[in-house]
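# Observations on the model geometry
One letter stands for each residue in the lines below.
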Amino acid sequence: MANGKPKWAQFEVQGKTNDGIRAIITGEEGSGKTYLASSDEKGRILDADDGAKFYDIPRIPMMDWDATDLYDFLDAFMKEPIGNLHFDTLTSIVRMVTAEVCKKEKVTELRKVPWGGGQDALVDELLKQLLNRFDKIIRMGHHIIIYGHSRTNVVKDPTLPEHHQVQARLHQKSQDLIAEWCDLWGNLSLQKSHDGDGGVTKTQTRVMHVTESADIKAKNRFGLKEPIIDPSWPKIFELLGVK
């Protein structure tokens, strides 16, 4: 012992870091994903779906990018980082990385990777090339927020009856990787109103679920329990206790 402390205590730290957050926001068409992205005054939208052109906000069109363009941008951003990065959409990012894997494997489609290893190769590329770069930016104090389309999948869980759940529009292996990586997974939708005759209509009130249920894929590492009504990034950052 030194100064009354065991040797291993030299590795111990305490207190919150100034790291950014890793966020995934999924939602159906028209749920307001791009509108939510536009509410971050420190944000820049990397727009692969051309949806941000209707907002007067800093944006970087990436409709024609491939994975190399994306990696080069992230490397350049790390040298001169400014603000938070909002990626629209997750599907487009995975499509770029998929094409990169196919090029490396010398195949035309992911399913043609030998021994059925296409999805494993994709997860490996996502982890080593993309998420590794994201994590470096996050440790510099900048938030990485990725928006993705949702779809309803059948969930087969041995501990539960087979059921349907709203998830990301991703292969299960990629989804599992992203879900493990992120600090916040919010599912954005329009609130539903029930009439007296059993009918259901959508209102214009947006709601973001941040905890998982049998019906919705979501998570957070911040202790949030209730859905966020009419979410905006200033409101979300305040709830998360980050700047």
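Here, the structure is the one placed above.
About the criteria used
- Residues numbered from 1 in each chain as written.
- Predicted model: local features only at pLDDT ≥ 70, side-chain atom pairs only at ≥ 80, totals over all residues.
- Heavy atoms only, no water.
- 1 Å grid on protein atoms, 1.4 Å probe; cavity = no way out; pocket = protein on both sides within 12 Å on 5 of 7 lines; lining within 4 Å.
- Points joined across faces, edges and corners; volume = space filled by probe spheres on them.
- Nonpolar A, V, L, I, M, F, W, Y, C, P; charged D, E, K, R; others polar.
- Helix = DSSP H or I, 4+ residues; strand = E, 2+ residues; numbered from the N terminus.
- Expected span 1.5 Å × (residues − 1).
- Buried < 20%, exposed > 50% of the residue type's maximum accessible area, 1.4 Å probe, protein only.
- Arc of directions from axis to C-beta.
- Contact = heavy atoms within 4.5 Å.
- Polar contact = N/O pair within 3.5 Å; in protein donor to acceptor, adjacent residues only side chain to side chain.

## As for the layout of surface pockets
- What the largest pocket holds in volume is close to 330 Å³.
- Around the largest pocket, the lining comprises 17 residues; the ones closest to its centre are T17, D19, G20, I21 and V242.
- Residues that form the lining of the largest pocket fall into these classes: 5 nonpolar, 6 polar and 6 charged.
- Lining the second largest pocket are 13 residues, with N187, S189, K192, H209 and I216 sitting closest to its centre.
- Counting only elements with at least two residues in the lining of the second largest pocket, the list comes to β7 (184-194) and β8 (200-209).
- Sorting elements by how many residues they give to the lining of the second largest pocket places β7 first, with 6 residues.

## Observations concerning helix α2 (residues 67-79)
- Compared with the 18 Å implied by 1.5 Å per residue over 13 residues, the 19 Å span of α2 between its first and last C-alpha is a close match.
- Considered for burial, the residues of α2 that qualify are A67, L70, Y71, F73, L74, F77 and M78. All buried residues of α2 lie within an arc of 160 degrees about the axis, which places them on one face of the element.
- Tucked inside the fold, the buried residues of α2 contact β2 (43-47), β3 (59-61), β4 (84-88), α3 (90-105) and α4 (118-139).
- At the N-terminal end of α2, a side-chain oxygen is found 3.1 Å from the backbone nitrogen of T68, two or three residues along, and the residue is D66.

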